[in-house]
Amino acid sequence: MISLSIQKGQYFTILGPSGLGKSTLAKIILGVEKPTFGQVTFLGQNLYTTKSATMQQLRRDLQVVFQDSVSAVNPRMTAEKIIAEPLDNFEKLEKQAYIIELLHQVGLDKNDLTKYPGEFSGGQLQRINIARALALKPKLLVLDEPISSLDVVNQLKIIELLKRLKKELQLTFVFITHDIKAAYLLSDQIAILENGRMVEQYEHVQQFIASTNPVALKLRKSVLAEHPRQRTIR
């Protein structure tokens, strides 16, 4: 059973090993996979019983960034068209100036407008995906393992970008990850998920660091020391 509440302006991290229910939970939160029982309430509305007109508004307020930056985009579309997708669905406005503004927010510029996905690095392409998710100014952004397919350097750059965006835009995030270091750097609250169950929930990172829960201990021990000489083989 899972029960959680996410407050406005928080970085709420769902942490746990791969393959044990985190992505399924993300789909349930996004309103695309109905739970077996219970309900998902977003902005006071039940995602699975609300009327279609209300649901359309909720969908624009609820956006996602996926793990695989490459498969999340159409390789035949330019960066401009990728970012414009949600605007085409929900808005009728002069888009290019706004898209350039979004590119600047994620650390890119107008010279990237006409580039195709194959011309970007993995980190740059994930920035494009983040810009697309921000286009409709969502109330909640779900990040489903957004850095796990990137190299270490780009992971750190994306983490810094997400920290900055939260501060500048007052965003609310659900960050789904198995990466404990990323959780340390980003989280306001942490919940541990294992085998489809919420094992524990922590109001702040220090509580997780101090926890004696066996699952929390196991996750913390899985983190390698920064220097190879400090690592041990079990």
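The rules behind the values
Residues numbered from 1 in each chain as written. Predicted model: local features only at pLDDT ≥ 70, side-chain atom pairs only at ≥ 80, totals over all residues. Heavy atoms only, no water. Helix = DSSP H or I, 4+ residues; strand = E, 2+ residues; numbered from the N terminus. Rg over C-alpha atoms; globule rule 2.2 N^0.38 Å. Buried < 20%, exposed > 50% of the residue type's maximum accessible area, 1.4 Å probe, protein only. Contact = heavy atoms within 4.5 Å. Areas by Shrake-Rupley, 256 points an atom, 1.4 Å probe, with all protein chains shown as cover. Salt bridge = Lys/Arg side-chain N within 4 Å of Asp/Glu carboxyl O. Pairing = 2+ DSSP bridges. Axes fitted to C-alpha atoms, helices over the stretch in contact; angles between N-to-C directions. 1 Å grid on protein atoms, 1.4 Å probe; cavity = no way out; pocket = protein on both sides within 12 Å on 5 of 7 lines; lining within 4 Å. Points joined across faces, edges and corners; volume = space filled by probe spheres on them. Nonpolar A, V, L, I, M, F, W, Y, C, P; charged D, E, K, R; others polar. Right-handed = clockwise from strand over helix to strand, strands pointing away. Parallel < 35°, antiparallel > 145°, perpendicular 65-115°, else oblique. Left-handed = near helix turned anticlockwise from the far one by under 90°. Core = buried A, V, L, I, M, F, W, Y, C linked by side-chain atoms within 4.5 Å.

Colleague: How would you sum up the overall build of the protein? Please name residues and give values.
Modeller: Across its full length, the protein carries nine helices and eight strands. What you see for the protein is a C-alpha radius of gyration of 18 Å, in line with the 17 Å of a compact globule of 234 residues. Taking the principal axes of the C-alpha coordinates as reference, the protein spans close to 55 × 50 × 30 Å. Expressed as a percentage of the 234 residues in the protein, the buried residues total 45%. Considering only contacts in the protein between residues 6 or more positions apart, those separated by 24 or more positions represent 66%. Roughly 12,800 Å² of accessible area belongs to the protein as shown, and the carbon and sulfur atoms make up 50% of that amount.

Colleague: Give a detailed account of the side chain of Gln-105, specifying residues and quantitative values.
Modeller: With respect to the element layout, Gln-105 can be found in helix 4 (residues 95-105). Residue classification places Gln-105 among the buried residues on the basis of a relative accessible area of 18%. With residues near it in sequence (within four places) discarded, Gln-105 still touches Leu-134, Leu-161, Arg-164, Leu-165 and Leu-169.

Colleague: Just give me the short version of the environment of Leu-134, but keep the residues and values in it.
Modeller: Locating Leu-134 in the fold gives a position in helix 5 (residues 122-134). As for Leu-134 and Leu-169, which are separated by 35 residues in sequence, their C-alpha atoms are 9.7 Å apart. Contacts of Leu-134, omitting those with residues within four sequence positions, involve Tyr-98, Leu-102, Gln-105, Val-106, Leu-141, Leu-165, Leu-169 and Leu-171.

Colleague: Describe the pattern of salt bridges, and please don't skip the residues or the numbers.
Modeller: Per the stated rule, a full pass over the model turns up seven salt bridges. The partner of Asp-112 in a salt bridge is Lys-115, with the nearest N and O atoms 2.9 Å apart. With a relative accessible area of 6%, Asp-112 lands in the buried category.

Colleague: A description of the sheet that holds strand 8 (residues 197-202) should follow, citing residues and the corresponding values.
Modeller: The strand order across the open sheet formed by six strands is 4-5-6-1-7-8, and the pairing between neighbours is mixed. Edge positions in the open sheet fall to strand 4 (62-65) and strand 8, since each of these has one partner strand only. Pairwise comparison of adjacent strand axes, ignoring direction, gives a mean angle of 20° for this sheet. Packed onto the sheet, helix 5 meets strand 4 and strand 5 (140-144) and runs at close to 175° relative to strand 4.

Colleague: Can you explain the layout of surface pockets? Please cite residues and give values.
Modeller: In this model, the largest pocket occupies a volume close to 1,100 Å³. The wall of the largest pocket is formed by 39 residues, among which Leu-4, Ile-6, Ile-29, Val-40 and Thr-41 lie closest to the centre. Only helix 1 (22-30), strand 2 (41-42) and helix 4 provide two or more residues apiece to the lining of the largest pocket. In terms of residue class, the lining of the largest pocket is built from 20 nonpolar, 13 polar and six charged.

Colleague: Any chance you could break down the pairing of strand 6 (residues 173-177) for me, citing the residues and the numbers?
Modeller: Counting buried residues along strand 6, five of its five residues qualify, which places the element largely inside the surrounding structure. Of the two faces of strand 6, both are covered, the one formed by Phe-173, Phe-175 and Thr-177 as well as the one formed by Val-174 and Ile-176. Across five bridges, strand 1 (residues 11-15) lies against strand 6 in parallel orientation. Within strand 6, the position partnered with Ile-14 by the bridge is Ile-176. On the question of chirality, the crossover connecting strand 5 to the parallel strand 6 by way of helix 6 (residues 152-169) is right-handed.

Colleague: How would you sum up helix 4? Please name residues and give values.
Modeller: Owing to its 3.6 residues per turn, the α-helix brings residues three or four apart onto one side. The set of residues buried in helix 4 consists of Tyr-98, Ile-99, Ile-100, Leu-102, Leu-103 and Gln-105. Looking at the residues trailing helix 4, positive phi occurs at Gly-107, about 90°.

Colleague: Account for the packing of helix 4 against helix 5, naming residues and giving values.
Modeller: Between helix 4 and helix 5, whose axes approach to 9 Å, the crossing angle comes to 125°. In terms of orientation, helix 4 and helix 5 fall into the oblique class. The two elements helix 4 and helix 5 cross, and the hand of that crossing is right-handed. Note on element contacts: helix 5 touches helix 4 through Ile-128, Ala-131 and Leu-134, opposite Tyr-98, Leu-102, Leu-103 and Gln-105.

Colleague: Tell me what's going on with the nonpolar core, and back it up with residues and numbers.
Modeller: Counting 40 residues, the largest nonpolar core has Ile-128, Ile-130, Leu-134, Leu-143 and Leu-162 as the members making the most contacts within it. Of all the secondary-structure elements, those providing two or more residues to this core are helix 3 (79-90), helix 4, helix 5, strand 5, helix 6, strand 6 and helix 7 (180-186). Counting residues per element, this core draws most heavily on helix 5, at six residues. In contact with Ile-128, other than residues within four places in its own chain, are Ala-79, Ile-82, Ile-83, Leu-103, Leu-108 and Phe-120. In this structure, Ile-14, Ala-26, Phe-42 and Ile-176 belong to the second largest nonpolar core, which totals 20 residues.

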